[in-house]
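Chains, contacts and geometry: an overview
Here is what each chain is made of, one letter per residue.
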Amino acid sequence: VNSPIKLLRVPFRVLVLHGLKDYQFPQDEAVAPSNPFLEEEEGLKKDSRLADLATELLMVATSRRSLHLYNISNTRGKVGTFCIFKTVYKIGEDVIGTFNFSEGDIPCLQFSVSLQTEESIQEEFQRRRGQPVSFSTHARHQEACLHTAQSSFSLPIPLSSTPGFTTNIVSLKWRLHFEFVTSGESAGTCLVRGSQSEAVTWTGVEQIEVDTFSWDLPIKVLPTNPILASYVSQFSSTNSITI
C-alpha cells in the first residue's frame, strides 16, 4: 500500500511443435496399474500425455534416415558427390555430411559448408520496399581438399538457436550453404606424377586459375526436448522484485 508499482520481466522460451492441435487421444484406459488412493486430475493427465506425444513425434521425425546423393558440378564438368543421410534435425543435433571427390573430372581445391538461417519478412510488413533477406551463420567448416579423395564435416545446431517456423509476418528457414573453389585447369596438371626416376618433392603451384560457385541445400530444424533446452544455461539465475 502507498508504494510504487514495479514491473519484472522474466524471459522464457516457447518451443512450438506443429501437428498436435487436432490429435485425438485413444479412448481406452491405460493398462499400467494406478494408485486408487491418489486422485489424478484429467487436465494434468492430458498435459502429461501431450508432452510424451510431442517427444515421440520429434523422435520419429528426426530419426528417419535415407541416403541422399547429390552430384556437384559446374559448367566445365563434375566435381564430386555429396552424401547426407537425413535433412530433418532437431535443435542440439549435429549435421553430418560426406564428400567424394575421387570420381570428379574437375579438381576441387577448397570447400566450405555453413549452417545458416534465412529470415524473410512478408512484403506488406517490410519497413521499406525490397528489404533483403537476412542470413545468419551458426556454424562453419572450411577445408583445403586438393588430392583429397573423401572428406566429411560435422556442424552442431546450437541449443540456443530457434527452430524453423512460418507466420503471416515472418518466416525462418534453415539451410546448408556450400562454396567450392575448383581449378580452372584440367585434372592432370594438379596431380603428382608417379613416373619419376628419382625422388622428387612436389610443391603446389604459385598461381593457378580458379572457378568458384555456391550451392544451397534446404534442411528442416525442429524443436528439441525441453530437458535438453534447459542445458543451455548451466548457471542458476534468479529474479527478484522488491515492493
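Before going into details, it helps to say that this report is about the structure given with it. (Residues numbered from 1 in each chain as written. Predicted model: local features only at pLDDT ≥ 70, side-chain atom pairs only at ≥ 80, totals over all residues. Heavy atoms only, no water.)

Here we look at the overall build of the chain
Scanning the chain for helices and strands turns up 2 helices and 10 strands. Starting at the N terminus and ending at the C terminus, the chain contains elements arranged as α-β-β-β-β-β-β-β-β-β-β-α. Looking at the chain alone, contacts between residues at least 24 apart form 73% of all its contacts between residues at least 6 apart. A total accessible area of about 17,700 Å² is found for the chain, and carbon and sulfur atoms account for 52% of it. (Helix = DSSP H or I, 4+ residues; strand = E, 2+ residues; numbered from the N terminus. Contact = heavy atoms within 4.5 Å. Areas by Shrake-Rupley, 256 points an atom, 1.4 Å probe, with all protein chains shown as cover.)

Let's talk about the pairing of strand β4 (residues 94-100)
Regular strands show a simple pattern: their side chains alternate between the two faces of the sheet. Note that strand β2 (residues 77-84) and β4 share 4 bridges and pair antiparallel. Its bridge partner being in β4, cysteine 83 is matched across the sheet by threonine 98. Where β4 and strand β7 (residues 150-156) come together, 7 bridges link them in antiparallel fashion. Within β7, the position partnered with valine 95 by the bridge is leucine 155. (Pairing = 2+ DSSP bridges.)

Describing the pairing of strand β1 (residues 68-74)
Sheet analysis places β1 next to β2, joined by 7 bridges and oriented antiparallel. The residue of β2 that forms the bridge with tyrosine 70 is phenylalanine 82.

A short note on the nonpolar core
Of all hydrophobic cores here, the largest spans 27 residues; its most connected members are Val95, Phe99, Leu115, Phe153, Leu176 and Phe178. Contributions of two or more residues to this core are made by β2, β4, β5 (108-121), β7, β9 (170-183) and β10 (210-222). (Core = buried A, V, L, I, M, F, W, Y, C linked by side-chain atoms within 4.5 Å. Buried < 20%, exposed > 50% of the residue type's maximum accessible area, 1.4 Å probe, protein only.)

Quick word on the packing of aromatic side chains
Aromatic ring pairs: the centre-centre distance and the angle between the two ring planes describe each pair. As enumerated under the stated definition, the model contains 16 aromatic pairs in all. Here phenylalanine 99 and phenylalanine 180 contribute two aromatic rings whose centre-to-centre distance is 6.0 Å and whose plane-to-plane angle is 80°, an arrangement assigned as edge-to-face. One end of the pair, phenylalanine 99, is in strand β4; the other, phenylalanine 180, is in strand β9, and 81 residues separate them in sequence. Residues phenylalanine 99 and phenylalanine 180 agree in their burial class; the two are buried. Aromatic pair phenylalanine 178 and phenylalanine 180: ring centres 6.2 Å apart, planes at 0°, arrangement stacked. For phenylalanine 180, a relative accessible area of 2% puts it in the buried group. By the ring-pair criterion, three or more aromatic residues cluster together here, those being Tyr70, Phe82, Phe99, Phe101, Phe111, Phe153, Phe178, Phe180, Phe213 and Trp215. (Phe/Tyr/Trp six-rings, centres within 6.5 Å; stacked < 30°, edge-to-face > 60°.)

What about a nonpolar patch on the surface?
Among the surface-exposed residues, Leu67, Leu69 and Phe85 lie close enough to one another that they form a single nonpolar patch of about 320 Å² accessible area. Here leucine 67 shows up in the loop between α1 (42-63) and β1. Accessibility expressed as a relative area gives 51% for leucine 67, which makes it exposed. (Patch = residues over 30% accessible without salt bridge, like charges linked within 9 Å, V, L, I, M, F, W, Y side chains within 5 Å. Salt bridge = Lys/Arg side-chain N within 4 Å of Asp/Glu carboxyl O.)

Some details on unusual backbone geometry
Positive phi, close to 65°, is recorded for histidine 147, a residue that is not glycine. Within the fold, histidine 147 resides in the loop between β6 (134-144) and β7.

Details of the state of the cysteines
Disulfides are covalent bonds that connect the sulfur atoms of two cysteines. Inspection of every chain in the model, using the stated rule, returns 0 disulfides. There is no disulfide at cysteine 108, and the cysteine sulfur nearest it, in cysteine 145, is 3.5 Å away. (Disulfide = S-S within 2.5 Å.)

With respect to the pattern of salt bridges
Pairs can form between side chains of opposite charge whenever their charged atoms are close. Applying the stated criterion to the full structure yields 5 salt bridges. Notably, a salt bridge pairs glutamate 123 with arginine 129, separated by 3.2 Å at the nearest N-O pair. Residue glutamate 123 shares its accessibility class with arginine 129, and that shared class is exposed. Among the salt bridges present, the one from aspartate 216 reaches arginine 175, with a minimum N-O distance of 2.8 Å. Of the two residues, aspartate 216 sits in strand β10 while arginine 175 sits in strand β9, which places them 41 residues apart along the sequence. Residue class for aspartate 216 comes out partly exposed when judged on its relative accessible area of 36%. Residue class for arginine 175 comes out buried when judged on its relative accessible area of 13%. Salt bridges sharing common partners tie together Lys86, Lys90 and Glu93.

Fair warning: the whole summary comes from geometry, so function is off the table for now.
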